[in-house]
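Report on the structure
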Amino acid sequence: MDLSKMSALFPKPLMAESSDQDKIPSRHLAAAAVAEGESCEFGSTKYFALCAFGGVLSCGITHTAITPLDLVKCRLQVDKEKYKSVGNGFKMAVAEGGAAGLFLGWAPTLIGYSMQGLCKFGFYEVFKDMYSKAIGEENTYLYKTSLYLAASASAEFFADIALSPMECCKVRIQTSPTGTFPRTLRGAFPKILAEEGVGGFYKSIVPLWGRQIPYTMMKFACFERTVEALYANVVPKPRAECSKGEQLVVTFAAGYIAGVFCAIVSHPADTLVSYLNKAKGSSIGDAVKVLGWNGLWGGLVPRIFMIGTLTALQWFIYDGVKVQLGLPRPPPPEMPESLKIKMGLAQQ
């Protein structure tokens, strides 16, 4: 019995594919020659750098724009006795600090989420390409959802390390009682550094990972699969025949759907991040005991609205930047010819 022929029927995720595939045209996610109208090769260093730039704009602009809603959401999470509802939170914020008070923490938000966006989108494209090459094009097709999940989780791990110092400053600025903590980044950053050292900026990194990694895995995997589903079942023509505007509409719709799921799976950890950054010396266990099960879900409704809109706009901006910069678009998932042949042999 020729075991090599039998093993060819069952692709292994961590094993390179047969050299026989060299004879079959490949759709692998590899760099190719620059096509007309494109500014760089897919998978090139320039491509990844421009994707990272798109991430900076995508996350930096959107998170800064919704600072007022984020402010109210954080206060609802850490002081549910004082802030009864979203509407009440907005009224109290204006009463305490005027209209400008709604934008407390805008500077660390802009800097922190721009850095996070650079790593999130840039590294996602890098890891997706790297993991795809490692497992081969057949397994890329067979396990594409797992590929999206692994690449996005890897990217977010590093993105949160970049975000954490500014997130710490932002939450302290937004949730500390008036007069007890600086209201600007230039006052908050040196105060935390002097009192708690560098570690003070990372004391909530574990719940931040707990919030952001599931969020990002859902954000990318759900988005990618929703886009595929919309083009397959809703859009009346193939993506290649859609105009750039039509493609961006699909992007926005898929982004909003992904955002709703993102908000739900990451909300308890988001509440813990807000609480731990306010309560000095508290552990995750302490926070869970104080907040309780219901408290962990405080502020979910505004966060669903915030994250749904945010995620949709982020994908819209990111895709828009890629279109404007002439970045090549990877082909839609399609079964490789080599896998079709193997499946045909398996059916005989």
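Our subject is the structure listed above.
These lines cover the structure that appears in this document, whether it is placed above or below.

1. Quick notes on a nonpolar patch on the surface
Among the surface-exposed residues, Phe103, Trp106, Leu110, Ile111 and Met115 lie close enough to one another that they form a single nonpolar patch of about 450 Å² accessible area. With a relative accessible area of 38%, Phe103 lands in the partly exposed category.

2. Description of the side chain of Ser152
Topologically, Ser152 is positioned in helix α6 (residues 144-175). Here the side chain of Ser152 touches Tyr148 through a polar contact of 2.8 Å, landing on its backbone oxygen. When neighbours within four sequence positions are excluded, Ser152 is seen to be in contact with Tyr124, Thr216, Met217 and Phe220.

3. So, the nonpolar core
Judged by nonpolar contacts, the single largest core of 28 residues is most densely connected at Tyr47, Phe121, Tyr124, Phe223, Tyr231, Trp315 and Leu327. Only α2 (45-65), α5 (106-142), α6, α8 (205-233), α9 (244-278) and α11 (300-324) provide two or more residues apiece to this core. Those residues in contact with Phe223 that lie beyond four places of it in its chain are Met218, Thr251, Ala254, Gly255, Ala258 and Trp315. If you look at the next biggest cluster of nonpolar residues, it comprises 14 residues, including Leu102, Cys169, Leu185 and Ile192.

4. A word on the pattern of salt bridges
Summed over all chains, the structure comprises 11 salt bridges. For Lys120, the salt bridge goes to Glu156, with nearest N and O atoms at 2.8 Å. Of this pair, Lys120 sits in helix α5 while Glu156 sits in helix α6; the two residues are 36 residues apart in sequence, bridging distant segments of the chain. With respect to class, Lys120 is no different from Glu156; both count as buried. Residue Glu228 pairs with Arg225 through a salt bridge whose shortest N-O separation is 3.0 Å. Within this pair, Glu228 and its partner Arg225 are both found in helix α8, separated by three residues, close to a single helical turn.

Quick notes on the rules
Per chain, the residues get numbers from 1 upward, laid out in the order the sequence is written. The predicted nature of this model means local features are confined to residues of pLDDT at least 70 and side-chain atom pairs, given and counted, to a pLDDT of 80 or more, with totals for whole chains, interfaces and linings taken over all residues. Processing note: side-chain calculations cover all non-hydrogen atoms of the structure and skip hydrogens and water entirely. Only residues whose relative accessible area exceeds 30% and that form no salt bridge enter a patch; like-charged residues are grouped when within 9 Å of one another, and nonpolar side chains (Val, Leu, Ile, Met, Phe, Trp, Tyr) when within 5 Å. Note on areas: Shrake-Rupley with a 1.4 Å probe; residue coverage comes only from the protein chains shown. Here, a salt bridge means any Lys or Arg side-chain nitrogen found within 4 Å of an Asp or Glu carboxyl oxygen. Buried, partly exposed and exposed residues are distinguished by accessible area as a fraction of the type maximum, computed with a 1.4 Å probe on protein chains only: under 20%, between the cut-offs, and over 50%, respectively. Secondary structure elements are defined from DSSP: runs of H or I of at least 4 residues count as helices, runs of E of at least 2 residues count as strands, and each element is numbered from the N terminus. A 3.5 Å cut-off defines polar contacts: any pair of N or O atoms within that distance qualifies, except that in protein one atom must be a possible hydrogen donor and the other a possible acceptor, and neighbouring residues in sequence count only when both atoms are side-chain atoms. By definition, residues are in contact when any of their heavy atoms lie within 4.5 Å. In this description, a nonpolar core means a group of buried Ala, Val, Leu, Ile, Met, Phe, Trp, Tyr and Cys residues linked to one another through side-chain atoms lying within 4.5 Å.

Honestly, it's all geometry; don't read function into it.
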